[in-house]
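Descriptive analysis of the structure
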Amino acid sequence: MAVEPEHASVNGRKKPQRPQRTHREVADELRARIRSGVLRPGQRMPTQAQLAAEFGVERQAVRGALRILQSEHLLTNISKGAPATVAERADRAPAGSAAPPQPTTVALAPRIASAFEAEHVHIDAVCLTAVSLTLAIGEPLRQIYAGRLKPAKVDVRVLLPSRSIDLAFPVPVGGRQGHDDPVHERWLAQRNAQGQVLRHNLLALRATHGIDVRVTFRALPFTPPVKLYLLNNTEALFAYYTVTRSEAQIGQESLPTYDAQGVRSMLFAFEQGDGLRDTTFVEQSHLWFNALWETISSELELTD
């Protein structure tokens, strides 16, 4: 795996000091390195002094970050005198009630990768553009091409908003601009592009690895206020789309909009068998998804 510049100091090369970060931001970065395999199970971490210099923080912030990762069972042997060690099987993300709520960019990829350990991978998703899902699928794809994973079958179903509806978001702050709404057109282009990339990358596994792959999209007649990912009929990952005012750069013009940053949404994990609450949530989420898929959704073509 190629070493990204931001990870260079872990591999012995120095880097310019960054602006001050919080202990949670340091934990997020180190967690991502562990999940991606840059820091491997059994590997010694850099010293606290090295981490403090790399991130431009005090050692107290480093110790706080390490304690977070220790509580998540990603690190062991944390002490003042010696570097911590990446826990064995730390590349496996905790599921269900053991998984703390995390931003989608942090939480989704390792859960998707774990789902791909099954012989028959089944993923259902309800989302606005499929950006997060497309990014997350990249991790198991890398592991498949590296020979670490080889499912026999992959079945992906995605529900996305229809192009013909009036979206609740993203929308211009001042209201819609007729039939040629540039905010709507930008969303539509992103929805189509992300869906096409997702489908192309997954279907390529047929030719390269002989995996039976099916990717299907259907259109919803409403804007989903939440995103939901259902993995192998046993896990449900849920997040709210929180709408905020932002600026959209469209061509040479900057337009104020109401939009949601889905990749930053906090993802909550539920696992079947992990207590009545989690089991019921997973079951009801599947019933809800299948009801939408089989009733009010319609065929979706990812075209302009």
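Relevant structure appears above.
Here the structure is a predicted model, which is why all the values come from computation and not from measurement.

Time to look at the packing of aromatic side chains. Taken as a whole and judged by the stated rule, the model has 5 aromatic pairs. Centre to centre, the rings of Phe270 and Phe281 are 3.9 Å apart; their planes meet at 25°, and the pair counts as stacked. On the criterion of sequence distance, the pair formed by Phe270 in strand β12 (residues 266-271) and Phe281 in helix α7 (residues 275-294) is long-range, its members being 11 residues apart. Where Phe289 meets Trp293, the ring centres are 5.7 Å apart and the plane angle is 20°; that geometry is what we call stacked. In this pair, Phe289 and Trp293 are both assigned in helix α7, 4 residues apart and thus about one turn of the helix distant. Neither Phe289 nor Trp293 differs from the other in exposure class; each is buried. In textbook terms, an aromatic cluster arises when at least three aromatic residues are bridged by ring pairs, as seen for Phe238, Tyr240, Phe270 and Phe281. Across from the ring centre of Trp293, 5.1 Å away, lies the NZ or CZ of Arg157, which sits over that ring. Over the ring of Trp293 we find Arg218, and its NZ or CZ is 6.0 Å from the ring centre.

Let us now look at a nonpolar patch on the surface. Taken together, the side chains of Tyr240, Met266 and Phe268 present a nonpolar region at the surface, about 300 Å² in accessible area. Inspection of the secondary structure assignment puts Met266 in strand β12.

Once that is clear, we can look at the nonpolar core. Counting 46 residues, the largest nonpolar core has Ile112, Phe116, Ile123, Leu133, Ile137, Val158 and Leu202 as the members making the most contacts within it. Those residues in contact with Leu133 that lie beyond four places of it in its chain are Leu108, Ile112, Ile123, Ala125, Val158, Leu198 and Tyr229. With 20 residues, the next largest nonpolar core counts Val26, Ile34, Val57 and Val86 among its residues.

This next bit is on the side chain of Arg21. On the secondary structure map, Arg21 appears in the segment before α1 (23-36). Here Arg21 sits buried without a salt bridge, and the closest side chain of opposite charge, Glu29, lies 4.8 Å off (N-O distance). When neighbours within four sequence positions are excluded, Arg21 is seen to be in contact with Val26, Glu29, Phe55 and Val57.

Glancing now at the sheet that holds strand β6 (residues 171-172). Spatially, β6-β11-β10 is the arrangement adopted by the 3 strands of the open sheet, whose pairing is antiparallel. Here the strands that pair on one side only, and so sit at the sheet edges, are β6 and β10 (243-250). In terms of strand pairing, β10 meets strand β11 (residues 253-260) through 8 bridges, oriented antiparallel. Residue pairing across strands places Ala248 opposite Leu255, the latter belonging to β11.

Here we have 8 strands laid out as an open sheet, ordered β3-β12-β9-β8-β4-β5-β7-β13, and mixed in their pairing. Both edges of this open sheet fall to β3 (102-103) and β13 (298-299), since each of them pairs with a single strand only. Relative to strand β9 (residues 235-240), strand β8 (residues 226-231) runs antiparallel, the two sharing 6 bridges. Opposite Tyr229, over in β9, you have Leu237 as the bridge partner. α7 contacts β4 (120-126), β5 (153-161), β7 (212-220), β8, β9 and β12 of the sheet and is inclined by roughly 105° relative to β12.

Analysis parameters
- Residues numbered from 1 in each chain as written.
- Predicted model: local features only at pLDDT ≥ 70, side-chain atom pairs only at ≥ 80, totals over all residues.
- Heavy atoms only, no water.
- Phe/Tyr/Trp six-rings, centres within 6.5 Å; stacked < 30°, edge-to-face > 60°.
- Helix = DSSP H or I, 4+ residues; strand = E, 2+ residues; numbered from the N terminus.
- Buried < 20%, exposed > 50% of the residue type's maximum accessible area, 1.4 Å probe, protein only.
- Lys NZ or Arg CZ within 6 Å of the ring centre and 35° of its normal.
- Patch = residues over 30% accessible without salt bridge, like charges linked within 9 Å, V, L, I, M, F, W, Y side chains within 5 Å.
- Areas by Shrake-Rupley, 256 points an atom, 1.4 Å probe, with all protein chains shown as cover.
- Salt bridge = Lys/Arg side-chain N within 4 Å of Asp/Glu carboxyl O.
- Core = buried A, V, L, I, M, F, W, Y, C linked by side-chain atoms within 4.5 Å.
- Contact = heavy atoms within 4.5 Å.
- Lys, Arg positive; Asp, Glu negative; His and termini not counted.
- Pairing = 2+ DSSP bridges.
- Axes fitted to C-alpha atoms, helices over the stretch in contact; angles between N-to-C directions.

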